Amino acid sequence: PFSEPETRALQKICEENNFKTAMNFHAFGSMLTHPYNWANTDLLPADDKAVYKEIAKVFGWKKFGTAIQTVGYTATGESDDWMYSK
């Protein structure tokens, strides 16, 4: 983890600030992924999932969920997962 200068810089910014929310945009697809992208099943607590559903609704993303639910494969090392677990 954090093997590249860019990821170390992001880690440093996150650890030096008390962010309450974060949104990571990807260059592909009209979708919203949420933690945990490494998992084969949806592990997000119901209350948090409701928040993500509301965000998806507001932004008009019809496709949302974990990586397996949106793109069909798991994705380890996602910044969403790391930030969510902090």
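Shown above is the structure to which this text applies.
So, a few notes on the structure that sits alongside this text. All figures in this text were calculated on a predicted structure; none of them were measured in a lab.

Some words on the environment of Thr33
Following the sequence through the fold, Thr33 ends up in strand β1 (residues 31–33). Once residues lying within four places of it in the same chain are set aside, the contact partners of Thr33 are Tyr52, Gly65, Thr70 and Asp80. Of the polar contacts made by the side chain of Thr33, one reaches the side chain of Asp80; its length is 3.4 Å.

A word on the layout of surface pockets
Counted as a void, the largest pocket has a volume near 1100 Å³. Contributions of two or more residues to the lining of the largest pocket are made by α1 (5–16), β1, α2 (46–59) and α4 (79–85). Per element, the largest residue contribution to the lining of the largest pocket is 5 residues, and it comes from α4. In terms of lining, the second largest pocket is formed by Pro1, Phe2, Thr7, Leu10, Gly77, Glu78, Ser79 and Trp82.

Calculation rules
Residues numbered from 1 in each chain as written. Predicted model: local features only at pLDDT ≥ 70, side-chain atom pairs only at ≥ 80, totals over all residues. Heavy atoms only, no water. Helix = DSSP H or I, 4+ residues; strand = E, 2+ residues; numbered from the N terminus. Contact = heavy atoms within 4.5 Å. Polar contact = N/O pair within 3.5 Å; in protein donor to acceptor, adjacent residues only side chain to side chain. 1 Å grid on protein atoms, 1.4 Å probe; cavity = no way out; pocket = protein on both sides within 12 Å on 5 of 7 lines; lining within 4 Å. Points joined across faces, edges and corners; volume = space filled by probe spheres on them.

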